[in-house]
Structures are given as C-alpha cells and as structure tokens.
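Descriptive structure summary
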Amino acid sequence: ILKARRKGLSEFMKGAILNYGLTFGDTYRGAVFAGIENYVKGIKKKVMNGLTNTVDDMRLNILKNNDKELRIGYEERVSGTFIEAGSLNEIQMETLFNSESKLEGEYFNDVLSEESGENLRVKAAFESIKPSLMFGSEMEGTFYIYGTAGNILSGSKDFIDMYRNH
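Below, the structure is looked at part by part. (Residues numbered from 1 in each chain as written. Predicted model: local features only at pLDDT ≥ 70, side-chain atom pairs only at ≥ 80, totals over all residues. Heavy atoms only, no water.)

**Quick notes on the packing of aromatic side chains**
The criterion, for reference: The aromatic pairing rule takes the rings of Phe, Tyr and Trp, using the six-membered ring of Trp, and pairs them if the centres are within 6.5 Å, calling planes under 30 degrees apart stacked, those over 60 edge-to-face and the rest tilted. Per the convention used, a helix needs a DSSP run of H or I reaching at least four residues, while a strand needs a run of E reaching at least two, with both numbered from the N terminus. Relative accessibility under 20% of the residue-type maximum defines a buried residue, over 50% an exposed one, and the middle range a partly exposed one, all with a 1.4 Å probe and only protein chains included.
Counted by the stated rule, this structure contains three aromatic pairs. Here Tyr20 and Phe24 contribute two aromatic rings whose centre-to-centre distance is 5.0 Å and whose plane-to-plane angle is 45°, an arrangement assigned as tilted. Residue Tyr20 and its partner Phe24 are both found in helix α1 (residues 9-24); the two are separated by four residues, about one turn of the helix. Plain terms: the ring middles of Phe33 and Phe143 are 6.1 Å apart, the flat faces sit at 85° to each other, and that makes the pair edge-to-face. Here Phe33 is found in strand β1 (residues 29-34), whereas its partner Phe143 is found in strand β10 (residues 142-145), with 110 residues between them in sequence. For the pair shown, Phe33 and Phe143 are each scored as buried. These aromatic residues form a ring-pair network of at least three members: Phe33, Phe126 and Phe143.

**Regarding the pairing of strand β7 (residues 110-113)**
Here is the rule we go by: In this analysis, strands are considered paired if DSSP registers two or more bridges between them.
Where burial is concerned, the two faces of β7 agree: the one with Asp110 and Leu112 and the one with Val111 and Ser113 are both buried. Sheet topology note: the β1/β7 ladder contains four bridges and is parallel. Each residue of the ladder has a partner; that of Gly30, found in β7, is Asp110. With four bridges joining them, β7 and β10 adopt parallel strand pairing.

**Points about unusual backbone geometry**
One non-glycine residue, Ser79, lies in positive phi territory at about 50°. Relative to the elements of secondary structure, Ser79 occurs in the loop between β4 (74-78) and β5 (81-85). Of note in the backbone geometry, Leu88 takes a positive phi value of approximately 55° without being a glycine. Mapped onto the secondary structure, Leu88 falls in the loop between β5 and β6 (90-95). The exposure class assigned to Leu88 is partly exposed, which follows from its relative accessible area of 31%.

**Looking at the sheet that holds strand β3 (residues 69-72)**
The condition is simple: With axes taken as lines fitted to C-alpha atoms, and helix axes fitted only over the stretch in contact, angles between N-to-C directions fall between 0 and 180 degrees. Here, residues are in contact when the closest pair of their heavy atoms is within 4.5 Å.
Here six strands make up an open sheet; going across it, the order is β2-β3-β6-β1-β7-β10 and the pairing mixed. Every interior strand has two partners, whereas the edge strands, β2 (62-65) and β10, have only one. Taken over all neighbouring pairs, the strand axes of this sheet differ in orientation by 10° on average, direction set aside. Note: β1 against β6, six bridges, orientation parallel. The residue bridging Ala34 from the neighbouring strand is Thr95, located in β6. With respect to the sheet, helix α3 (residues 122-129) is in contact with β1, β7 and β10, its orientation differing from that of β10 by roughly 175°.

This is the structure in structure tokens:
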C-alpha cells in the first residue's frame, strides 16, 4: 500500500498520544522504546516538533530534556528555593537493544514500541513492561506495539507472534 511520508503511525502516536498526554494529562507518564537508538531519537524529534509548533498560548515549558527523559512544568520559588512545579508530565525513552528490562518497575499511562518488527526483544520487553501499565490486577495503561514487519524469520518473529496471539 502506498502512503505519504509523515502520515504513518509514528506521527499519530506522537500527536494523538504523547503530545496530548504531555499537554492535558494529570501527572502523565509515557514511555517510548525501540531496538535501535535512531528510532527512539526519531520519535522524540517528532514530539519536540509537536510541542514547539503550536500557538504561544498553548506552548509548554520544558523542565528536563535529555536522551532519556522529557519533563514538562516550571520552577517555582518557595522559601528562597526553586522547586519543580506544574503538571510534571513526562516521557521516558529507552533503547532496548541489550536489555528488555530498562523500563521495568515504573508506572506508565502509555508505552509505545517504535518499529516493533525490527526489535528482537519486543516480546520480552512487553512482558517486562506490562506490570508498569497495571494498577493491581487491572490494566490501566495502554501498550502500543506497531511498526514495520521486517524479516519474519528473524527480527520480526516476536512481532508476528504477538500480532497473531495477543
């Protein structure tokens, strides 16, 4: 199927999921992971473009912006000391090429697996991160697993299995 560039799922996830959570969420926590660092950097660039390409009245203040984390809020002076305040909504970003458990033990509203078909560890990562989306026995958060299928005999084996069985 032919489609235009910049009209795919990454664009939707960036705009409809991550930027919405950062802008309107109440203590929103999102996560993005991929098997290759360039994919994580790519989705972060799309999020940053979405945050900066907005009207001034809707623009958010960025407290923290590095390779692993993006946090929204502002600094407030309290008793002569500056503290972080505001929504403190954030997105964590990880490359899972050597370990699928880097996001384990956290709590997230949304987790996006970018280019899942090219991630050899996508199934193990799903199992590792799934408790981070749960509150007790209830699934409260949402896991988005999408991307190019790639070679179904190697890198995409987990992706195809998850598509068929989950």
